[in-house]
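What the coordinates show
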Amino acid sequence: MCIRDREYIEKLNKYFVENKPYLNPELNLPQLATDTGISSHYLSQVINEYYKMNFFDYINQQRVEVVKTRIIDLQYKNYSILGIAFESGFNSKSAFNQVFKKFTGLTPSEYKKIHTV
């Protein structure tokens, strides 16, 4: 990986930590490119090469991590799993369930049952 790629990965990671753009259900590659100042083409290429996934999988993986944290967080105990999913950037129940299982190997309900007391 070249120095420029590393700089863009660092810039992207910093932007994600500070701004959490994946919580926006309308987020798309052109918008993220504009927000980070990285061209859409290059941003896509860096995500593909560094994370070994496409833009949508990268964003959805971030969202799944948020859901996993919130499912077991007592602050969200009165939220339904679907409510947590929508608060975490998903905008469709079927897409959420499919993506969650893809990244965890479990349904959201199975994950919650295993990870809550």
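Residues numbered from 1 in each chain as written. Predicted model: local features only at pLDDT ≥ 70, side-chain atom pairs only at ≥ 80, totals over all residues. Heavy atoms only, no water.

Here we look at the overall build of the chain
- Across its full length, the chain carries seven helices and zero strands.
- Summarising its shape, the C-alpha atoms of the chain cover approximately 45 × 25 × 25 Å along the three principal directions.
- Residues counted as buried form 37% of the 117 residues belonging to the chain.
- Contacts in the chain between residues far apart in sequence, at least 24 positions, make up 58% of those at least 6 positions apart.
- Counting every atom, the chain has about 7,200 Å² of accessible surface; 51% of that belongs to carbon and sulfur.
- On the chain, the mean spot of the 15 positive side-chain charges and the mean spot of the 12 negative ones are 6 Å from each other. (Helix = DSSP H or I, 4+ residues; strand = E, 2+ residues; numbered from the N terminus. Buried < 20%, exposed > 50% of the residue type's maximum accessible area, 1.4 Å probe, protein only. Contact = heavy atoms within 4.5 Å. Areas by Shrake-Rupley, 256 points an atom, 1.4 Å probe, with all protein chains shown as cover. Lys, Arg positive; Asp, Glu negative; His and termini not counted. Charge placed at Lys NZ, Arg CZ, Asp CG, Glu CD.)

Observations concerning the nonpolar core
- Counting 21 residues, the largest nonpolar core has Leu12, Phe16, Leu32, Leu43, Tyr58 and Ile59 as its most contacted members.
- Contributing elements (two or more residues each) for this core: α1 (3–19), α2 (29–36), α3 (40–51) and α4 (55–71).
- Contact partners of phenylalanine 16, with chain neighbours within four places excluded, come to Pro21, Tyr22, Leu32, Tyr58, Ile59 and Gln62.
- Residues Ile71, Tyr76, Ile81 and Ile84 belong to the second largest nonpolar core, which totals 12 residues. (Core = buried A, V, L, I, M, F, W, Y, C linked by side-chain atoms within 4.5 Å.)

Quick word on α4
- Between its first and last C-alpha atoms α4 spans 24 Å; for 17 residues at 1.5 Å apiece the expected length is 24 Å, and the two agree.
- Those residues of α4 that are buried lie in contact with α1, α2, α3, α5 (81–87), α6 (93–104) and α7 (108–115).
- Its side-chain oxygen at 3.0 Å from the backbone nitrogen of phenylalanine 56, asparagine 54 defines the N-terminal cap of α4. (Expected span 1.5 Å × (residues − 1). Polar contact = N/O pair within 3.5 Å; in protein donor to acceptor, adjacent residues only side chain to side chain.)

Brief notes about the side chain of arginine 70
- Position of arginine 70 among the secondary structure elements: in helix α4.
- Although arginine 70 is buried, it makes no salt bridge; glutamate 87 carries the closest opposite charge, 4.8 Å away.
- Those residues in contact with arginine 70 that sit more than four places away from it in its chain are Leu23, Tyr76, Ile84, Glu87 and Ser88. (Salt bridge = Lys/Arg side-chain N within 4 Å of Asp/Glu carboxyl O.)

Just geometry here; none of it tells us what the structure is for.
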